[in-house]
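Each chain, letter by letter, is given below.
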Amino acid sequence: MDPVLTLRELNRATLERQLLLRRTSRSVLEVVEHLGGLQAQTPHTWYTGLWNRIEEFRAADAADLLASRGVVRIALQRSTIHLVSGRDCLAMRPLVQIVTERMTRSTFGRRLDGVDLDELAALGRLLLEERPMTFADLGKALAERWPGNDPHALGQGVRWLVPLVQVPPRGLWGRSGPVAHTSAESWLGFSVPAMTPAELVARYLGAFGPATVKDVQTWSGLTRLAEVMEAMDLVRFRDAGGATYYDLPDAPRPSGDVPAPVRLMYDFDNLFLSHADRTRVITPTGFTALSGFMGTNVMPRAILVDGFTAGDWTVSRAKGTSTLHIHQWEPIADLDAVEAEARLLLDFLAPRDRHEVAVHDRPSRG
């Protein structure tokens, strides 16, 4: 029989891989690559994800990497925008291309009837490499060639067919800019071999394991990974319900008794989005609280206490004072530790403001 992992052991192993049991001295680039990227469809909230994981993190360190093309923001896993290294951008995109294709065909396929896809890719690439463009501008330009088709669908077709990065100043800390794109190849100026499915699985397990086949498929958007994982040199575990978990042989698996510090997570942190079974970090009360956010177009910024969800946090600003609001999903025993972490986060988010912390006894939504 495969060894059994308890829920707390699974939780602590995942937090260890996610660099959330203690902050690391690794560089921003090393952390981004270790994590297989950070989900980053919002321009700036992912900076908090790095602050949670890196000792003495400075936003400028990540912003400088984005400006110098060391990291990029591109649609990858689940066809969502991720912050990844330039190397991973080029290595991962061919493998997960099918995910973007599947989603684009489902949504826009009929609106691309009559369009030669090879010609669309070539013209879209030409236009975007001449100058970065928003999808609105790209769609208008493409509609001159295909006047009978929906300009938005044409732009999304290029997003599927050509790896596109969002160019700065979009995503730079403290700055803004249009959501303008160019091709990853022209932006980065080098090439690397495509990642294999086994390499992608190994990267995932290193950052999110131990995990089931469904967990890996949830993170990547890929299917049919069972045969890939069965062929790899992996160790196997099971949970109390009998589900099979795979892991890298030498990956850390701490005791369930290892302390887990308070962490104030950002809204799209992959910790909460990359497993089919999210009970390793989300409590039953947490799932109830999360239901209040459904349909609001808002993702909560969850608070971890002892490794599991205990609340969410928001920030308001008025007259030079930034207030971090702690919204308890259930009574938090060590509220002092949460408030202390909240003040440290305010030092990062709003260093020039006065700071206050407020506590509320219900989720911020619902």
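You'll find the structure just up there.
Only a predicted model underlies this, so the values are computations on that prediction, with no experimental measurement involved.

Re the packing of aromatic side chains
Part 1 of the argument: Within this structure, the stated rule accounts for eight aromatic pairs.
Part 2 of the argument: Between Phe57 and Phe348 the ring centres are 5.8 Å apart and the planes differ by 50 degrees, which places this aromatic pair in the tilted class. Pair noted here: Phe57 is in the loop between helix H3 (46-51) and helix H4 (59-67) and Phe348 is in helix H14 (residues 335-349), with a separation of 291 residues, a long-range link.
Part 3 of the argument: By relative accessible area, Phe348 is classed as buried at 12%.
Part 4 of the argument: Residues Tyr204 and Phe208 carry aromatic rings whose centres are separated by 5.0 Å and whose planes lie at 15 degrees to one another, so their mutual orientation is stacked. Taken together, the residues span about one helical turn, with Tyr204 and Phe208 both in helix H10 (residues 197-208) at a distance of four residues.
Part 5 of the argument: Through successive ring pairs, a cluster of aromatic residues spans Trp46, Tyr47, Trp51, Phe57, Trp173 and Phe348.
Part 6 of the argument: Lying across the ring of Trp51, Arg23 places its NZ or CZ 4.5 Å from the centre.

Things to note about the sheet that holds strand S4 (residues 164-166)
Part 1 of the argument: Strand order across the open sheet formed by five strands is S1-S3-S2-S4-S5, with antiparallel pairing between neighbours. Pairing within the sheet leaves two strands with one partner each, and these edge strands are strand S1 (38-39) and strand S5 (181-183).
Part 2 of the argument: Alignment of strand S2 (residues 71-75) against strand S3 (residues 81-85), held across five bridges, turns out to be antiparallel. The residue bridging Val71 from the neighbouring strand is Ser85, located in S3.
Part 3 of the argument: Contacting S2 and S3, H4 crosses the sheet at an angle of about 70 degrees to S2.

A closer look at the nonpolar core
Part 1 of the argument: With 39 residues, the main nonpolar core has Trp46, Leu50 and Phe57 as its most contacted residues.
Part 2 of the argument: Put simply, the parts of the chain that give this core at least two residues each are helix H2 (28-34), H3, H4, strand S9 (302-305), strand S10 (308-318), strand S11 (321-328) and H14.
Part 3 of the argument: In contact with Phe57, not counting residues within four places along its chain, are Val28, Tyr47, Leu50, Trp51, Ala62 and Phe348.
Part 4 of the argument: Of all hydrophobic cores here, the second largest spans 35 residues; its members include Val165, Leu188, Leu205 and Val213.

Description of unusual backbone geometry
Part 1 of the argument: In this structure, the amide linkage connecting Pro168 to the following residue, Pro169, adopts the cis form with an omega of 15 degrees.
Part 2 of the argument: Inspection of the secondary structure assignment puts Pro169 in the loop between S4 and S5.
Part 3 of the argument: With an omega of -5 degrees, the peptide bond running from Gly209 to Pro210 counts as cis.
Part 4 of the argument: Within the secondary structure, Pro210 is located in the loop between H10 and helix H11 (213-220).
Part 5 of the argument: Of note in this structure, Ser79 is not a glycine but carries a positive phi near 60 degrees.
Part 6 of the argument: Along the polypeptide, Ser79 turns up in the loop between S2 and S3.

Here's the deal with the packing of H10 against H11
For any two helices packed against each other, the geometry is given by the interaxial angle and the distance between the axes.
Part 1 of the argument: Contact geometry for H10 and H11: axes closest at 11 Å, N-to-C directions at 100 degrees. Relative to H11, the element H10 lies roughly perpendicular. Judged by residue contacts, Leu200, Val201, Tyr204 and Phe208 of H10 engage Asp215, Val216, Trp219 and Ser220 from H11.

Cut-offs applied
- Residues numbered from 1 in each chain as written.
- Predicted model: local features only at pLDDT ≥ 70, side-chain atom pairs only at ≥ 80, totals over all residues.
- Heavy atoms only, no water.
- Phe/Tyr/Trp six-rings, centres within 6.5 Å; stacked < 30°, edge-to-face > 60°.
- Helix = DSSP H or I, 4+ residues; strand = E, 2+ residues; numbered from the N terminus.
- Buried < 20%, exposed > 50% of the residue type's maximum accessible area, 1.4 Å probe, protein only.
- Lys NZ or Arg CZ within 6 Å of the ring centre and 35° of its normal.
- Pairing = 2+ DSSP bridges.
- Contact = heavy atoms within 4.5 Å.
- Axes fitted to C-alpha atoms, helices over the stretch in contact; angles between N-to-C directions.
- Core = buried A, V, L, I, M, F, W, Y, C linked by side-chain atoms within 4.5 Å.
- Parallel < 35°, antiparallel > 145°, perpendicular 65-115°, else oblique.

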